[in-house]
Amino acid sequence: MQLPVRQKATEDARILREDAILFPSGTVQVAVEVTPRRRRCANADLILLGFVSEKEIELVFPGARKAAAVPLLQRLQAQLQYRKLLPDAKAAAGEIRQPLRVDGIWRVRLLDEHSAVPERRFQLVAARWRYRDAKGVEHVFGYLPVA
(Lines give C-alpha, C1' and ligand atoms only; values in the text may rest on other atoms or scores of the structure.)
Protein backbone atom coordinates (compact mmCIF):
# COMPACT_ATOMS: atom_id res chain seq x y z
CA MET A 1 0.00 0.00 0.00
CA GLN A 2 2.92 2.39 0.51
CA LEU A 3 4.14 2.04 -3.08
CA PRO A 4 1.94 4.85 -4.52
CA VAL A 5 3.13 7.22 -1.78
CA ARG A 6 6.78 6.46 -2.61
CA GLN A 7 6.17 6.88 -6.33
CA LYS A 8 4.53 10.26 -5.68
CA ALA A 9 7.48 11.43 -3.56
CA THR A 10 9.94 10.33 -6.24
CA GLU A 11 7.91 12.08 -8.94
CA ASP A 12 7.73 15.28 -6.87
CA ALA A 13 11.52 15.22 -6.37
CA ARG A 14 12.02 14.77 -10.13
CA ILE A 15 9.74 17.75 -10.87
CA LEU A 16 11.54 19.91 -8.30
CA ARG A 17 14.91 18.97 -9.82
CA GLU A 18 13.67 19.66 -13.37
CA ASP A 19 12.23 23.04 -12.35
CA ALA A 20 15.46 24.03 -10.58
CA ILE A 21 17.49 23.22 -13.70
CA LEU A 22 15.13 24.71 -16.32
CA PHE A 23 13.76 27.75 -14.49
CA PRO A 24 16.48 28.96 -12.08
CA SER A 25 15.53 32.65 -12.26
CA GLY A 26 11.77 32.64 -12.77
CA THR A 27 9.73 33.04 -15.93
CA VAL A 28 8.62 35.68 -18.41
CA GLN A 29 5.24 35.92 -20.15
CA VAL A 30 5.31 35.85 -23.96
CA ALA A 31 2.57 35.96 -26.61
CA VAL A 32 3.25 33.16 -29.11
CA GLU A 33 1.44 31.77 -32.15
CA VAL A 34 2.08 28.03 -32.47
CA THR A 35 1.60 25.79 -35.49
CA PRO A 36 0.89 22.04 -35.70
CA ARG A 37 4.45 21.43 -36.95
CA ARG A 38 6.23 19.49 -34.22
CA ARG A 39 9.15 17.24 -33.42
CA ARG A 40 10.77 15.56 -30.46
CA CYS A 41 14.35 16.13 -29.42
CA ALA A 42 16.86 13.59 -28.11
CA ASN A 43 15.62 13.84 -24.50
CA ALA A 44 11.99 13.37 -25.70
CA ASP A 45 10.88 16.97 -25.10
CA LEU A 46 8.08 18.10 -27.40
CA ILE A 47 8.97 21.02 -29.70
CA LEU A 48 6.42 23.04 -31.68
CA LEU A 49 7.22 25.61 -34.33
CA GLY A 50 6.00 29.01 -33.20
CA PHE A 51 6.16 32.69 -34.02
CA VAL A 52 6.74 35.75 -31.85
CA SER A 53 6.22 38.99 -33.78
CA GLU A 54 6.59 37.01 -37.03
CA LYS A 55 10.01 35.67 -35.95
CA GLU A 56 10.27 31.89 -35.99
CA ILE A 57 11.01 30.23 -32.65
CA GLU A 58 10.79 26.77 -31.12
CA LEU A 59 8.35 26.29 -28.23
CA VAL A 60 9.65 23.51 -25.96
CA PHE A 61 7.42 21.48 -23.62
CA PRO A 62 9.89 19.75 -21.30
CA GLY A 63 9.67 16.56 -19.28
CA ALA A 64 6.62 16.37 -17.05
CA ARG A 65 4.89 19.26 -18.83
CA LYS A 66 4.71 17.60 -22.24
CA ALA A 67 1.77 15.44 -21.12
CA ALA A 68 -0.16 18.65 -20.37
CA ALA A 69 0.39 19.73 -24.00
CA VAL A 70 -1.82 16.93 -25.38
CA PRO A 71 -5.03 19.08 -25.41
CA LEU A 72 -3.15 21.78 -27.34
CA LEU A 73 -1.90 19.20 -29.86
CA GLN A 74 -5.44 17.84 -30.25
CA ARG A 75 -6.76 21.37 -30.81
CA LEU A 76 -4.13 22.07 -33.48
CA GLN A 77 -4.83 18.74 -35.17
CA ALA A 78 -8.58 19.44 -35.17
CA GLN A 79 -7.96 22.85 -36.78
CA LEU A 80 -5.79 21.15 -39.41
CA GLN A 81 -8.48 18.54 -40.16
CA TYR A 82 -11.18 21.24 -40.35
CA ARG A 83 -9.05 23.26 -42.74
CA LYS A 84 -8.72 20.20 -45.01
CA LEU A 85 -12.52 19.98 -45.27
CA LEU A 86 -12.96 23.55 -46.49
CA PRO A 87 -13.15 24.09 -50.25
CA ASP A 88 -10.23 25.96 -51.81
CA ALA A 89 -8.25 25.85 -48.57
CA LYS A 90 -4.71 24.71 -48.22
CA ALA A 91 -4.11 22.39 -45.30
CA ALA A 92 -0.51 23.37 -44.71
CA ALA A 93 0.45 22.98 -41.06
CA GLY A 94 2.41 26.24 -41.14
CA GLU A 95 -0.69 28.25 -42.04
CA ILE A 96 -2.58 27.31 -38.87
CA ARG A 97 -1.60 29.40 -35.87
CA GLN A 98 -2.99 29.16 -32.36
CA PRO A 99 -2.35 32.21 -30.15
CA LEU A 100 -0.97 31.32 -26.71
CA ARG A 101 0.25 33.18 -23.65
CA VAL A 102 3.29 31.31 -22.39
CA ASP A 103 5.08 31.62 -19.05
CA GLY A 104 8.58 30.31 -19.63
CA ILE A 105 12.25 31.07 -20.17
CA TRP A 106 14.27 31.89 -23.26
CA ARG A 107 17.32 29.95 -24.34
CA VAL A 108 19.41 29.85 -27.50
CA ARG A 109 20.32 26.74 -29.43
CA LEU A 110 23.20 26.85 -31.90
CA LEU A 111 22.82 24.78 -35.05
CA ASP A 112 25.62 23.88 -37.43
CA GLU A 113 23.83 22.31 -40.36
CA HIS A 114 26.02 21.63 -43.40
CA SER A 115 28.21 24.67 -42.93
CA ALA A 116 30.84 26.09 -40.66
CA VAL A 117 28.61 28.99 -39.68
CA PRO A 118 26.39 28.24 -36.66
CA GLU A 119 22.78 29.38 -36.78
CA ARG A 120 21.10 30.71 -33.65
CA ARG A 121 17.63 29.36 -32.94
CA PHE A 122 15.62 30.82 -30.08
CA GLN A 123 13.68 28.43 -27.89
CA LEU A 124 10.98 29.32 -25.39
CA VAL A 125 10.76 26.64 -22.70
CA ALA A 126 7.16 26.56 -21.48
CA ALA A 127 6.23 26.19 -17.83
CA ARG A 128 2.58 27.23 -18.17
CA TRP A 129 0.49 28.25 -21.20
CA ARG A 130 -3.05 29.39 -21.88
CA TYR A 131 -5.37 30.09 -24.77
CA ARG A 132 -8.94 31.26 -25.26
CA ASP A 133 -11.46 29.17 -27.15
CA ALA A 134 -14.14 30.48 -29.54
CA LYS A 135 -16.47 31.17 -26.59
CA GLY A 136 -13.85 33.27 -24.80
CA VAL A 137 -13.14 30.68 -22.11
CA GLU A 138 -9.49 30.65 -21.04
CA HIS A 139 -7.85 27.22 -20.81
CA VAL A 140 -4.69 26.98 -18.68
CA PHE A 141 -2.19 24.10 -18.86
CA GLY A 142 1.13 23.33 -17.22
CA TYR A 143 2.16 24.96 -13.97
CA LEU A 144 4.52 27.64 -12.76
CA PRO A 145 7.89 26.38 -11.54
CA VAL A 146 7.98 25.05 -8.02
CA ALA A 147 10.13 27.37 -5.87
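Residues numbered from 1 in each chain as written. Predicted model: local features only at pLDDT ≥ 70, side-chain atom pairs only at ≥ 80, totals over all residues. Heavy atoms only, no water.

## Observations regarding the environment of Leu22
We count it as follows: Strands here are runs of E lasting at least two residues and helices are runs of H or I lasting at least four, both read from the DSSP assignment and numbered beginning at the N terminus. In what follows, residue pairs with any heavy atoms lying within 4.5 Å of each other are defined as contacts.
Mapped onto the fold, Leu22 is located in helix H1 (residues 3-22). Considered as a pair, Leu22 and Ala126 are 104 residues apart in the sequence and their alpha carbons are 9.7 Å apart. In this structure, Leu22 is in contact with Pro62, Ile105, Arg107 and Val125, ignoring residues within four places of it in sequence.

## Some words on the nonpolar core
Filter applied, for reference: To qualify as a nonpolar core, a set must consist of buried Ala, Val, Leu, Ile, Met, Phe, Trp, Tyr and Cys residues joined through side-chain atoms within 4.5 Å. Relative accessible area decides the class of each residue, using a 1.4 Å probe on protein chains only: under 20% of the type maximum gives buried, over 50% gives exposed, and in between gives partly exposed.
Counting 20 residues, the largest nonpolar core has Val32, Val34, Leu59, Phe61, Leu72, Val102 and Trp129 as its most contacted members. Those elements that provide at least two residues to this core are strand E1 (28-40), strand E2 (46-52), strand E3 (55-61), helix H2 (70-85), strand E4 (98-111) and strand E5 (119-132). Here this core gets four residues from one element, more than from any other, and that element is E5. Other than its neighbours up to four places away in sequence, Trp129 contacts Phe61, Arg65, Ala68, Ala69, Leu72, Arg101, Val102, His139, Val140, Phe141 and Gly142. Of all hydrophobic cores here, the second largest spans seven residues; its members include Phe23, Ile105, Val125 and Ala127.

## Notes on the packing of aromatic side chains
Defined as follows: To pair, rings of Phe, Tyr and Trp, with the six-membered ring standing in for Trp, must have centres within 6.5 Å; the planes then decide the type, stacked if under 30 degrees apart, edge-to-face if over 60, and tilted in the middle. Think of it as a cone above the ring: NZ of Lys or CZ of Arg counts as a charge over the ring if it is within 6 Å of the ring centre and within 35 degrees of the ring normal.
Applying the stated criterion across every chain, the model contains two aromatic pairs. Taking the centre distance of 4.7 Å and the plane angle of 75 degrees together, the rings of Phe61 and Trp129 count as edge-to-face. Here Trp129 lies in strand E5 and Phe61 lies in strand E3, a separation of 68 residues in the sequence. A single burial state applies to Phe61 and to Trp129, both of which are buried. Measuring from ring centre to ring centre gives 5.8 Å for Tyr131 and Phe141, while their planes differ by 25 degrees; the resulting arrangement is stacked. Separated by 10 residues along the polypeptide, Tyr131 in strand E5 and Phe141 in strand E6 (residues 138-142) bring together distant segments of the chain. Like Tyr131, the residue Phe141 is buried in the burial classification. Here the guanidinium or amino end of Arg65 rests over the ring plane of Tyr143, the centre of that ring lying 3.9 Å away.

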